[in-house]
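# Descriptive structure summary
So the chains spell out like this:
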2 protein chains.
Amino acid sequence: MRVEVVNTGTELLLGKVINTHVAWFGNELFKLGVRIQRQTTIPDGDEIRTVLKEAFPRCDVIIITGGLGPTNDDVTREVVADMLNRELQLDEAILRNIQQMFVSRGLKPNRSNDRQAMVPEGGVVLDNPNGTAPGLYIPATEQSPHLFLLPGPPRELKPMWTNLVYPKIAEMPRPETAPELFRNFRIYGAGESSIAGFLEPKLDGLEGLELGYCARLGEVDVRLIGSKSAVEEASSSLREEYQRKIVTESEDSIARVVIDLLAERNQTVATAESCTGGLIASTITDESGSSDVFHRGYVTYSNEAKSALLGVAPEIIEANGAVSAETVQAMVEGCLENSGADHAVAVSGVAGPTGGTDEKPVGTVYVGVASRNGETFVKKYFWPSERIAFKTRVCRLVLDLLRQRILGFPLE
Amino acid sequence: MRVEVVNTGTELLLGKVINTHVAWFGNELFKLGVRIQRQTTIPDGDEIRTVLKEAFPRCDVIIITGGLGPTNDDVTREVVADMLNRELQLDEAILRNIQQMFVSRGLKPNRSNDRQAMVPEGGVVLDNPNGTAPGLYIPATEQSPHLFLLPGPPRELKPMWTNLVYPKIAEMPRPETAPELFRNFRIYGAGESSIAGFLEPKLDGLEGLELGYCARLGEVDVRLIGSKSAVEEASSSLREEYQRKIVTESEDSIARVVIDLLAERNQTVATAESCTGGLIASTITDESGSSDVFHRGYVTYSNEAKSALLGVAPEIIEANGAVSAETVQAMVEGCLENSGADHAVAVSGVAGPTGGTDEKPVGTVYVGVASRNGETFVKKYFWPSERIAFKTRVCRLVLDLLRQRILGFPLE
C-alpha cells in the first residue's frame, strides 16, 4: 500500500511555518503498519496539478493538506475536481454550517467562503467542527488513488484525521505483514541512545519486532510494533530496567498522568513559578479535569512577589539570590502553606538569554517539591538552552518529580 | 532560478523527527530573492534515484540533505556519482580528518566511516567541522543542475550552509524579477476571508505583488511580497483599513509587542487567570525581557483562590457565578490593587469539555482589563472549541486588549 503526503502552503516553503503534519501522519500511519513513501511540499497555486499527475499512477492513497481556504490561492478542491473530470456542486448543508459558524461568532457570513461548500461529484464530505472548510474524501477509481483533501490548520486537521480519515484507511486492504500490537513507553530520566543501547542487544534475534524512538525535551517515547509475543517480551525488558522512569505505557502527557494520580488519591497540587512563568500551571490546566486537583498557582517573577505571595523572607533572597536552593525551599514551603494543597512545586532559574552570571550561568535552575506528608526536596539542574526549550524541559521535570512523590518514591 | 530541496531520512517519514530544514532553507533563500519550488522527503535508500531523475531536468539547483552517514542505508553520495557517471575517489585529507575526530573524542576510528571520505570526480568538498561527513558541491553540467549534498544534523548543516553554500548560491545568476520587498502584517480582530475580501478588489490590476495569508487562532498574517511600490501601495491600503487592528508589521508575537510597549512606557502588567490557567503569564514570559514589565501572576482556578488572592467577595461569585462579568471585574480590579502593577488583565470562562450549562455553555468567557489610569473594561466572548485552542485564543485576545489599552484606544 503506497501512501504519499502532499502539503500545500507557500508559508511552508518560505520558512514561516514548520511542517508538523508529516511527523503526525507518519506516527499515525505507522500504527496501521503503513509508511509514508514520499512527502512533497509545494507552494499554493497550480503546482499541485503537476505533483498529483506524477503521483496518481504510483500511489494507492494520497493525503493532501491545505488549499481548502476561502482565498484565491486556495485551489486544491478545484484542481482535483478538474483532474478527475468531476463537476463541483454546491453542498447546501455545508453552506448552512459555514454561515452558522459566522453567525454564532457574531460575524457576517462572507461570500468568499461559499467556495468552501463546493464538493466534487462522488466526493465524501469530512465534517470540520473546528473550522469552515470541510475535508473531502474521493474514493479510488481506475485512474486515481484514494484522495483525502484535508485542511491545513492542525487543530482542524487532527480531529478530522482521528475521527474520519484514520478509520477509513484502517478499513483498506493492507499488507499482511501489518503489525499486531503497538505499544508506546514514555520514559523520563533516560536518554534515547542509552535506552537503545540497553534494548537493542536484549532483543537481538527477536523476530517480528520493530522499534521506534522519539526523543523530546526531557522525554523519550519508545514504540514497540510487532507480534504480540515480541512486543510483550520487549515490554518486560523495558519494565524491568526502567521501572519508575516509565511515566506511562500510552501516549498520555505527563500532566494527564499526574492529574489522574492526584484524582485517584483525592489530592491537590499548587504551583509557585519563577523562571517557568506559569507554564507548569498552564500545562496542568491543558488537561480536562484539572480543576479537581489544581486550585491555584503563583507566578512570582519578581523578588517582591516571592515575598508577598509565598512569604519568602527577603533576607533569604538577599543572602542567597533568587536562584538558589534556599529561596526555592522557602518558595515551595510557602506555596504549600498558603495554598492548603497536599503538594506544592516551585522553580527558580535563569532562563536567559540574559541574566546569567559566572556562578549561575544561563540554564541554572532549582526545583522544589513539598508535601503535606513528606520531606521537602530541592535540587539544582543545569540545562543551557533556548528560552522556551528551557521552560518546557523544567516544566516536564517538575511534573515528573511530582509524579514520583505522589507514587511514594523517594526523590533523588 | 528553480531550486528544490530533497530531504532523505526514514525517521522524518516515521514521525520520529520533525523536518526543520525546509523552514531554514526557505528563510535563507528568500534573502537572495529565491524560493523553494518544491520540497520532497524520501526514506533512506534507493528512492533518491527516482526523485533526482525527475528533478534534474526541471531544476537549476537541488539541495539534498542526509544520506551521507556511515551506515548501509546512507547512499546519497553513491547514487549521485552513479547517475552522473563519476568515479568515487578516496580523499586522503578527509580520511585523516575523520580519523582525527575519532581520536580526539577518545574513540577508535571505525572502518565504516571510510566511505565518508569518498568524493565524486569534479566534486568540491565542503568542510564539516562539526561532524564526520563533509558536504559535497557538484557544479551544474548540461545534464544536471547544481547539486549540494549536505549532512542531516542541523548543527552540522547550518554552519556549512552559512559558510560555504549560501555564498555559492549568492554568486549564481538569479532572475531580475527577484522580489524587492517582503512585509508581514499581523492583524487581530479580522478574519482571513474578510481581509481578502477587502484587499483583493483594492489591488486588482496592481502588478508585481504577491499576497499570502496565514490564519491562526485569533490572528491573521498577511504577507506582501513584490516590488517596493506595490508593497507600499498594499501596505497603505491595509494601514488605512485596519489601523489599530494591525498588531505589528513584522513577525513579532503579540506578547513581544506588548512587552515592548510596556517597557517603552516604563509600565507593568499583572495577570489573574482562571480558565487560561497560567497561559497568559507563560506566553508573556516566553519572551526575553519580560521580567522588566511582568512581576507576578495569579492562577486562581478555584473560587476560594479568587477570593483569597484577588479579594473577590464570595457573595459576588455566589450571586453571579465564577464565569460572570461581575466576578471578572472583581478579579481584575483585585489583581491591579494587590499587584501594584500599572495594568491588570483577568479571565474566567468555561474551557470544557465539561462544566458548561445552558446559560453558560462551553466556550463562554469573560475578560477584563484594568489600569491605574483608565476605566475597567469587561466583555463576554463565546468561542466553543477544543480546550487548548480555546485557551490560546483567549490568551491572544487578552494580550491584544492590553495592547490597545496601552496605546490609549478606547476598548469596545
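Here we take up the pattern of salt bridges. Any two side chains of opposite charge can pair, given that their charged atoms come close. All names here are of chain B. A complete count under the given rule lists 44 salt bridges over all chains for this structure. One salt bridge connects Arg49 with Asp46, and the closest N-O pair in it is separated by 3.5 Å. Look at Asp46 and you get partly exposed, because its relative accessible area is 48%. For Arg256, the salt bridge is made with Asp260, and the minimal N-O distance between the two is 3.0 Å.

The next subject is the side chain of Ser371 of chain B. All names here are of chain B. Inspection of the secondary structure puts Ser371 in strand β16 (residues 364-371). For Ser371, a relative accessible area of 4% gives the class buried. Engagement of the side chain of Ser371 in a polar contact is seen with the side chain of His343, the distance being 2.8 Å. Setting aside anything within four residues of it in sequence, one finds Ser371 in contact with Leu336, Asp342, His343 and Arg405.

Residue and element names in this part refer to chain A. Each neighbour pair has its own omega, and for Gly352 with Pro353 the value is 0 degrees, a cis peptide bond. Within the fold, Pro353 resides in the loop between β15 (343-349) and β16 (364-371). One non-glycine residue, Asn266, lies in the positive phi region at around 60 degrees. A relative accessible area of 71% places Asn266 in the exposed class.

Quick look at the nonpolar core now. In this structure, Val367 of chain A together with Val367 of chain B are the most contacted members of the largest nonpolar core, which totals 76 residues. Formed by 41 residues, the second largest nonpolar core is a distinct cluster that contains Ala341 and Val350 of chain A together with Leu310 and Ile317 of chain B.

Here we come to the sheet that holds β15 of chain A. Taken together, 10 strands build an open sheet; the order of strands is β17(A)-β16(A)-β15(A)-β13(A)-β14(A)-β14(B)-β13(B)-β15(B)-β16(B)-β17(B) and the sheet is mixed. The open sheet terminates on both sides in strands that have one partner only, identified here as β17 (377-382) of chain A together with β17 (377-382) of chain B. On average, adjacent strands in this sheet sit at an angle of 15 degrees to one another, irrespective of strand direction. Bridging between strand β13 (residues 269-273) of chain B and strand β15 (residues 343-349) of chain B involves five bridges; their strand directions are parallel. Bridging from a neighbouring strand, Ala272 of chain B pairs with Ala346 of chain B of β15 of chain B. Where helix α13 (residues 325-339) of chain B meets the sheet, its contacts fall on β13, β14 (294-300), β15, β16 and β17 of chain B, and the angle it forms with β15 of chain B comes to roughly 150 degrees.

Rules behind the numbers
Residues numbered from 1 in each chain as written. Chains lettered and ligands numbered in written order. Predicted model: local features only at pLDDT ≥ 70, side-chain atom pairs only at ≥ 80, totals over all residues. Heavy atoms only, no water. Salt bridge = Lys/Arg side-chain N within 4 Å of Asp/Glu carboxyl O. Buried < 20%, exposed > 50% of the residue type's maximum accessible area, 1.4 Å probe, protein only. Helix = DSSP H or I, 4+ residues; strand = E, 2+ residues; numbered from the N terminus. Polar contact = N/O pair within 3.5 Å; in protein donor to acceptor, adjacent residues only side chain to side chain. Contact = heavy atoms within 4.5 Å. Core = buried A, V, L, I, M, F, W, Y, C linked by side-chain atoms within 4.5 Å. Pairing = 2+ DSSP bridges. Axes fitted to C-alpha atoms, helices over the stretch in contact; angles between N-to-C directions.

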